[in-house]
Structure formats: structure tokens, C-alpha cells
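The lines below spell out each chain.
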Amino acid sequence: MIKRSYYGLLSTITLSAFGDAFGLLAMEWLVYELTGSKLAMGALALSSGIPELLLRLLGSPLSDRLHRVRFMACLAAIRLLAIALPLGMGLAGQLQLWHLFVAAGLSGSCAALFMPTAMAVIPGVADSRKLVRAFAIIDGSKSAATLLGPALAGALTAASGALPALGINMICYAAAITTLLCLQKLPKPSPAPGSFSITFYVREIAEGFTFYKQFPAMLTIMIMASISNLSSIAVWTMMVPFVREVLHRDAATMGTLSTVFALGTLVGLSVISMIGEIKKRRLVMLGSLGTIGLVTTLWGLFPSFSFALAAVFATGTLAPFFGSLSSSLHGRVVPSNLQGRVNSIRFLIGGSLQPFGAFAGGAIAQHYGVPVLFIIAGLLPMLCASAALLLPGLKALDGDLSILEATHRRPVVEVPSQGVVAER
């Protein structure tokens, strides 16, 4: 049953990622066609990113309180309805910019809790001794979906416009919901005894942060992720202007670049899966972020189509050496009853600078050009990762994690008036 549930969850995440590839490209293309403004594209990312951050913070306990599979299905249903708004208005010839902003905001709000909830389910349906491989397979399937998705979305948008791509996005969400509802029965989070209390709910939110207080090396790593994501979102938000204004190409090229990135990610994940357990995590994780920064800086210096292909492939290959190791660390060290809220806080920290990065990227590109943005976006994570290598506390990420697992996986104790709380 566990194996079947794992592959059902894998299918759900893959379908969602495939649909996202169509929806993201379509909405970015529509915004650019309506406005021609790089700032408007940054504002679109901002309209998605801010609600996403707020929901990750305020909703973090929900993944541990609610039935996780049904909760994911509800979130996917809301995202489906959000995409239906610009699609319906576009088909009626009444599409306006605010329709896209509302759709992005609703979709971002649901995405804030969808993946953290999925990450919380994985340790319960996968072999604890093979979590690195389990997360790598999940990441690989997402990348396989985005390998085919952007190329098809770009070709479809170039041939028929962006609205059909939104339709494909809706179909994928509907299929993901169906897959979720057909999953085998999974263990539910233990319900908190007693009536609902705002005070206790706030305490549950705080527990997500408490994990990082107890394990400062992981907090440092997630801060590094937030800096890298700031740079990454600035670059990818400006990919449509890069394709249109620098390369002078169409939406098919945009899809090709996204597909090559996903192909690189699959290569990186394949290498990680073959290697298995990695002991020198600190050097590998920070090295991948720094090298991605270096490649992005070179991309700004040599903004040609051929170098863009090489750059997106290289960054795709390197990215999993951070992401999959981070996921496996969280899967092994975080107690099962805290997985949802800790993963929500993890995504919150990692994505905390993304809205700023998207808007700042648009402003820099508007005034100084897209290549200058790429140079700046590459230098920032490269310098920060180099500095972080000198921090002695990060050595806790290396070697055997059994002591850390024993420290953080203590039994939970019940406090009758407040519910179930992990022992600190």
C-alpha cells in the first residue's frame, strides 16, 4: 500500500508540474502582450509571491492538522478555478491585466501549501533509508514534466496564442485532483485534542521556526537558498523580454530554454540517484549555488542563444545538488508530526525574497537591460556561497545524521489543555 501511495503522490506532483509549465508561460506571455512592460511582469510575480509567503506562514500548521491528501485536492481545485478566470475572459475577448493578477494571486496562495503538504506525506510512504532517492525521484518526475511541458507550451503559444495553454493547465489540475482522490488511505496527522485555540495555533506556527532554532546550520542553508532564489526568480521573470528583445525570437524559444533547463535537472537528479547518500553535504550544496551564480554572470556577459542553452542546462544540472539534499535532510531530521509546518516554514524562508527579486529584476532590466540584470543576479549568490563556506557551524551538515535524528525525533507528549506538542 505504501509503495502504491508513493507512486500515486508522484503522479499527482508530476501532473501539477506539467500543467504549471503551460500556465506560467501562458500568463507571462499574456502580460507581456498586454503591456510590453518588464515592470508589469515583475508585478505579476509579486502578485503571486506575496500571498504565497503569507499563506506559508499563516497556514503552516494546516498540513499537520488536516487530512493531507484531501487538503491537497482542495488546493488543486482552487488553482483550477483560478486559471479558469483568465481563460474564460480571454475566450470572451474581455481579458484584462487584473484577471491575470487575480489568477496568479490565488494560484500562488494554494501553491504555498500544496508542495509543503506533499513533502510532509513523502516520509510516511517511502523507505526511510532511501529518502534521498525518494526525493530525487519526485524531483526527477517534476523535471520530466517540465522537460516536455515548456516545449509544448511554447510551440502551442507560438502557433495558437496563450489561451490554449491555459486550457491544458486546467486539464492537468483536474487529472491531479482525480489522482489524489484515488490514492490509498494514508495515515492522518494526530488531531489536537480540545477545542481550537488561536493561541495554540500561533504556537504551532512557531514550532516550525523552533526547528531552525535548534538546528542553526539548516537555517543558514535556507537563507542561502532564499538568496539564490531571489536571483533565480529575477532571471526567469525576465526570460520573455530576454527572448523577445535580446534574442529576437518567439515563444517556441522560451519553451526550448525551459525544456533544456529541465533536461539538465534530470541529468543532475540521475547523478544524485546513482550516488545515493552524500556525506560532504556542505561543500556540495554551497558549491552548487555558487557555480550557478557564476554561470548566470557569464550568461549576462555572453547573451547569445547558444550560450543561453548551455547556461540553462548547467544551472538545471546543478540545482538538484542543493534541492534534493535539503529535502532529504528535512525528511530525516524533522519529526513526522511536524513535517507539514516545518516544510511550510522551509519554503517560506527559501522563497522569502522571491517577490522582491521579481520586482527588482524587472526594474533593473527596465533601466539597464536584461544582460546587466543577469550579471548582478549571478554575482550575488556566488559571493554569498563563497562566504558561507567559511562558517564553521555548517560542518554539522556533513557526515552521519543519526545523532541529529535521535535529537529531533523525540516522542510527543500530550498537554491536556493545549494539545499535542513535540518535546523540546
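The structure we're discussing is the one just above.
Throughout, residues of each chain are indexed from 1 in the direction in which the sequence is written. With the structure being a predicted model, the display of local features is reserved for residues of pLDDT at least 70 and the display and counting of side-chain atom pairs for 80 or more, all residues being used for whole-chain, interface and lining totals. Heavy atoms from the whole structure form the basis of all side-chain values; hydrogens and water molecules are not counted.

Participant: Just give me the short version of the environment of Ser327, but keep the residues and values in it.
Facilitator: Numbered from the N terminus, helices here are DSSP runs of H or I no shorter than four residues, and strands are runs of E no shorter than two. Relative to the helices and strands, Ser327 resides in helix α14 (residues 320-333). Exposure remark for Ser327: the relative accessible area of 5% places this residue in the buried category. Residues Ser327 and Phe135, 192 residues apart in the sequence, show an inter-C-alpha distance of 6.7 Å. Contacts are assigned to residue pairs with any non-hydrogen atoms lying within 4.5 Å of each other. Setting aside residues up to four positions removed in sequence, Ser327 forms contacts with Met119, Phe135 and Arg346. Burial classification: accessible surface area is computed with a 1.4 Å probe over protein chains only, and a residue below 20% of its type maximum counts as buried, one above 50% as exposed, and the rest as partly exposed.

Participant: Residue-level account of the packing of aromatic side chains, with values.
Facilitator: Planes of paired rings set the category: under 30 degrees apart is stacked, over 60 is edge-to-face and the rest tilted, where pairs are Phe, Tyr or Trp rings (Trp by its six-membered ring) whose centres lie within 6.5 Å. Counting across every chain of the model gives six aromatic pairs. Between Phe18 and Phe22, the ring centres sit 5.2 Å apart and the planes meet at 55°, which makes this aromatic pair tilted. In this pair, Phe18 and Phe22 both sit in helix α1 (residues 2-35), four residues apart, roughly one turn of the helix. With respect to burial, Phe18 and Phe22 carry one shared label: buried. On the numbers, 5.5 Å between centres and 65° between planes, the contact of Trp236 with Phe261 is edge-to-face. Placement of Trp236 in helix α9 (residues 216-237) and of Phe261 in helix α11 (residues 251-275) is noted, with a sequence separation of 25 residues between them. Stacked on the ring of Phe305, the Lys or Arg Arg249 has its end atom at 4.0 Å from the ring centre. For a Lys NZ or an Arg CZ to count as sitting over a ring, it must be within 6 Å of the ring centre and within 35 degrees of the ring normal.

Participant: Pulling in residues and values, what's your account of the nonpolar core?
Facilitator: A general feature of soluble globular proteins is that nonpolar side chains tend to end up buried together. Among buried residues, those of type Ala, Val, Leu, Ile, Met, Phe, Trp, Tyr and Cys that are joined through side-chain atoms within 4.5 Å constitute a nonpolar core. With 75 residues, the main nonpolar core has Met27, Leu166, Phe242 and Trp299 as its most contacted residues. When residues in this core are grouped by element, the largest group, 14 residues, is from α1. When sequence neighbours within four positions are dropped, the list of residues in contact with Met27 reads Leu44, Ile83, Leu100, Ala103, Ala104 and Leu166. Counting residues in hydrophobic clusters, the runner-up holds 28 residues, among them Phe215, Val334, Ile349 and Ala385.

Participant: So what about the pattern of salt bridges? Which residues, and what values?
Facilitator: For salt bridges, the criterion is a side-chain nitrogen of Lys or Arg within 4 Å of an Asp or Glu carboxyl oxygen. Evaluation of the coordinates by the stated rule reveals one salt bridge. Notably, a salt bridge pairs Asp20 with Arg79, separated by 3.2 Å at the nearest N-O pair. On the criterion of sequence distance, the pair formed by Asp20 in helix α1 and Arg79 in helix α4 (residues 68-91) is long-range, its members being 59 residues apart.

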